Amino acid sequence: MNEQTGPAAGEKDGRAEALARLPALLLPWYDENKRSLPWRESKDPYRVWVSEIMLQQTRVEAAKEHYRRFLAELPTVADLAACDEKKLFKLWEGLGYYSRARNLQRAARIVAEGGFPRTAQEWKKLPGVGDYTAGAIASIAFEQPSPAVDGNVIRVLARLLGDGREQETLKGAFAAELAPAYPPARRGDFTQSLMELGATVCTPAAPQCLACPLFSLCKTRSDALPRRKEKAARRRLQKTLFLFFDGARLALYRRTAGVLKGTYAFFSAERAMNGEEAAAFLQGAGLHRFALGAPAAHTHVFSHLEWEMTAYPVFTQEDASALRLPAGESADAPFSALLYAEKEAVVREFSLPSAYRWCLALLP
Ligand code: SF4
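Within each chain, residue numbers correspond to sequence positions counted from 1 in written order. With the structure being a predicted model, the display of local features is reserved for residues of pLDDT at least 70 and the display and counting of side-chain atom pairs for 80 or more, all residues being used for whole-chain, interface and lining totals. Each side-chain value is derived from all of the structure's non-hydrogen atoms; neither hydrogens nor water enter the calculation.

With that out of the way, let us pick up the side chain of K239. Within the secondary structure, K239 sits in strand 1 (residues 235-245). Engagement of the side chain of K239 in a polar contact is seen with the side chain of D332, the distance being 2.9 Å. In contact with K239, not counting residues within four places along its chain, are S268, A269, E270, R271, W307, E308, M309, T310 and D332. What counts as a helix is a DSSP run of H or I of at least four residues, what counts as a strand is a run of E of at least two, and both are numbered from the N terminus. Polar contacts, as used here, are pairs of N or O atoms within 3.5 Å; protein pairs need one atom able to donate a hydrogen and one able to accept it. Residues neighboring in sequence count only if both atoms are side-chain atoms. Working rule for contacts: check all heavy atoms of both residues, and any pair within 4.5 Å makes them a contact.

Right, dumping it as structure tokens:
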């Protein structure tokens, strides 16, 4: 096979034959081996949809508890459509990528009016629903023959077919090749069986080939594929966080742009500072009487970005929202965006993402 252009005509037939055998091999294996997961208890489209959005960038274990809590609070699409954003973000706290929650709600408002779509093409018209998610929901909830090709499925198929093209180019190709292999019944289970095999047997490192139902068919039988592109290095940003605390109340602001938009955050200057520099920064900003507590450092990793942070608790009775950014400095938001809230309320009610939540340990 040409690694740039894909399989030649004769090869295509062999691939189609191999793919056509998948349902007969995978469905009995799936029945025996599938994990018991909360979202597998129902094929209700709302529940399937919520789980697929949560699982887009979150590990299964981390998503389980959030999924239960989310559906206990918002059991129907109408409840989600009507939920206020503060509550929604609180329910999403810990899952990260808050734009998913915002899109989910925008889409829920459309569905609450017009009903659930059925086909993958219709699902893709909703905010936050891409090819993979549309295929997964349409096949699982509506038994449509629509493939859902994510990283797990790409890995399984690249190894099965011995396809050495780069991972990034395989997604669309595999979706087109897999669609005709869908069985007449149990289409949702077929989709899930491929995902499950990738998640539990055909894992990125050390696949368990001897326990794999596709062993006899597989052309790779190792972790040699898929071929990966070199990843661009993540951008690193240094930040100094200030937690203004008057003994009961904390200053924080709501992020209105960029990563974590819509969540709450502590004031952060866009450079690293040692203790002396931090004190000088605050004096330059107009803070007179304050004490700096012991700092802590933490690196938060996003998919494309890393924040290297040092956080200082600042014990003061002065109003931090009246400070002014010293000349030549930059910050994620102006001091004037700060609002005060009781520390207990921040812990309980505010969507403080994990990128900031670790700082709370610095306060008494
Ligand atoms: S035999 Fe191994 S490499 Fe091939 S599909 Fe199964 S687990 Fe993956």
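So, on to the domain arrangement of the chain. Split into domains, the chain comes out as domain 1 (9-211) and domain 2 (235-362). Throughout, the edges of the domains are those of an automatic or database domain assignment. Placing the centre of domain 1 and that of domain 2 at their C-alpha centroids yields a distance of 38 Å. The partner domain 2 presents 16 residues to the eight residues of domain 1 that form the contact. Where domain 1 abuts domain 2, roughly 920 Å² becomes buried across the two surfaces, and 50% of that area is made up of carbon and sulfur atoms. Buried area: the accessible surface (1.4 Å probe) lost by two parts on joining, summed over both. Of all residues in domain 1, the largest losses of buried area upon contact with domain 2 belong to K86, K90 and Y98, amounting jointly to 47% of the total for that side. We define a salt bridge as a contact between a side-chain nitrogen of Lys or Arg and a carboxyl oxygen of Asp or Glu at a distance within 4 Å. At the boundary of domain 1 with domain 2, the tally comes to three salt bridges. E85 serves as the salt-bridge partner of R254, at 2.1 Å between the closest nitrogen and oxygen. Across the contact surface, domain 1 and domain 2 share seven residue pairs in polar contact (both at pLDDT 80 or more).

All axes are obtained by fitting lines to C-alpha atoms, using only the stretch in contact for helices, and the reported angles, taken between N-to-C directions, cover 0 to 180 degrees. The interhelical angle for the contact between helix 3 (residues 45-55) and helix 9 (residues 131-142), taken along N-to-C directions, is 150°, at an axis separation of 9 Å. Put simply, helix 3 runs roughly antiparallel to helix 9. Classified by chirality, the crossing of helix 9 by helix 3 is right-handed. Residue-level contacts link P45, V48, W49, E52 and I53 of helix 3 to Y132, T133, A136, I137, I140, A141 and F142 of helix 9. Class assignment of the residues belonging to the contact of helix 3 with helix 9 gives a composition of 10 nonpolar, one polar and one charged. For classification purposes, angles smaller than 35 degrees are called roughly parallel, those larger than 145 roughly antiparallel, those between 65 and 115 roughly perpendicular, and all remaining angles oblique. Definitions for this section: a left-handed crossing has its near helix turned counterclockwise from the far helix by less than a right angle. A right-handed crossing has that turn clockwise. Under the convention adopted here, Pro, Cys and the residues Ala, Val, Leu, Ile, Met, Phe, Trp and Tyr are nonpolar, Asp, Glu, Lys and Arg are charged, and Gly plus all remaining residues are polar.

Scanning the model with the defined rule gives 26 salt bridges in all. A salt bridge links D163 to R165; its shortest N-O distance comes to 2.9 Å. Here D163 matches R165 in class, with each residue buried. Three or more residues joined by partner-sharing salt bridges are found here, namely D31, K43, E143, R186 and D189. The classification of residues rests on relative accessible area computed with a 1.4 Å probe and restricted to protein chains. Under 20% of the type maximum is buried, over 50% is exposed, and intermediate values are partly exposed.

By convention a nonpolar core is built from buried Ala, Val, Leu, Ile, Met, Phe, Trp, Tyr and Cys residues, the set being connected through side-chain atoms within 4.5 Å. Core analysis: the biggest nonpolar cluster contains 117 residues, and L22, W49, F70, F242, F244 and Y356 have the highest contact counts within it. Broken down by element, the residue count for this core peaks at eight residues, all from helix 9. When we break this core down by domain, the ones giving at least three residues each are domain 1 (9-211) and domain 2 (235-362). Not counting residues up to four positions away in its chain, the partners in contact with W49 are V77, L104, A107, A108, V111, F116, W123, L126, V129 and I137.

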